[in-house]
Amino acid sequence: MNIVEKRDFIHSHLHQIDEKTINELYEKLQKGEILKEKLTSRALKSEDNIKSGNVFSRSELERRIG
């Protein structure tokens, strides 16, 4: 079953799912959205740091780690 078929199957059966399962699905989707927002925010901050030259050279990084 491909992704479109799976989505169609889930969509057509949503009205039959009990509240517990709906809550579990909601929680999973919500966590995914939160993670996506966090990762997007980190990526944008990293891009800003690179553009502004706020980066470490390899030797600076090695000194900080070591």
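All values derive from a computational prediction rather than experimental measurement.

### Some thoughts on the confidence of the model for the protein
Then comes step 1: When pLDDT is averaged along the protein, the result is 95, and 100% of the positions lie at 70 or above.
Then comes step 2: Across the protein, the secondary-structure element scoring lowest on mean pLDDT is helix 3 (residues 58–65), at 92, and the one scoring highest is helix 2 (residues 19–51), at 96.

### Here's the deal with the environment of I3
Then comes step 1: Within the fold, I3 resides in helix 1 (residues 3–13).
Then comes step 2: A C-alpha to C-alpha distance of 16 Å links I3 and L29, two positions 26 residues apart in sequence.

### A few points about the pattern of salt bridges
Then comes step 1: On inspection of all chains with the given rule, the structure shows 2 salt bridges.
Then comes step 2: Ionic pairing is found between E24 and K20, a salt bridge with its closest N-O pair at 3.3 Å. Of this pair, E24 and K20 both sit in helix 2, 4 residues apart, which is roughly one turn of that helix.
Then comes step 3: Owing to a relative accessible area of 43%, E24 belongs among the partly exposed residues under this scheme.
Then comes step 4: Residue E62 pairs with R58 through a salt bridge whose shortest N-O separation is 3.0 Å.

What counts as what
- Residues numbered from 1 in each chain as written.
- Predicted model: local features only at pLDDT ≥ 70, side-chain atom pairs only at ≥ 80, totals over all residues.
- Heavy atoms only, no water.
- pLDDT = per-residue confidence, 0-100.
- Helix = DSSP H or I, 4+ residues; strand = E, 2+ residues; numbered from the N terminus.
- Salt bridge = Lys/Arg side-chain N within 4 Å of Asp/Glu carboxyl O.
- Buried < 20%, exposed > 50% of the residue type's maximum accessible area, 1.4 Å probe, protein only.

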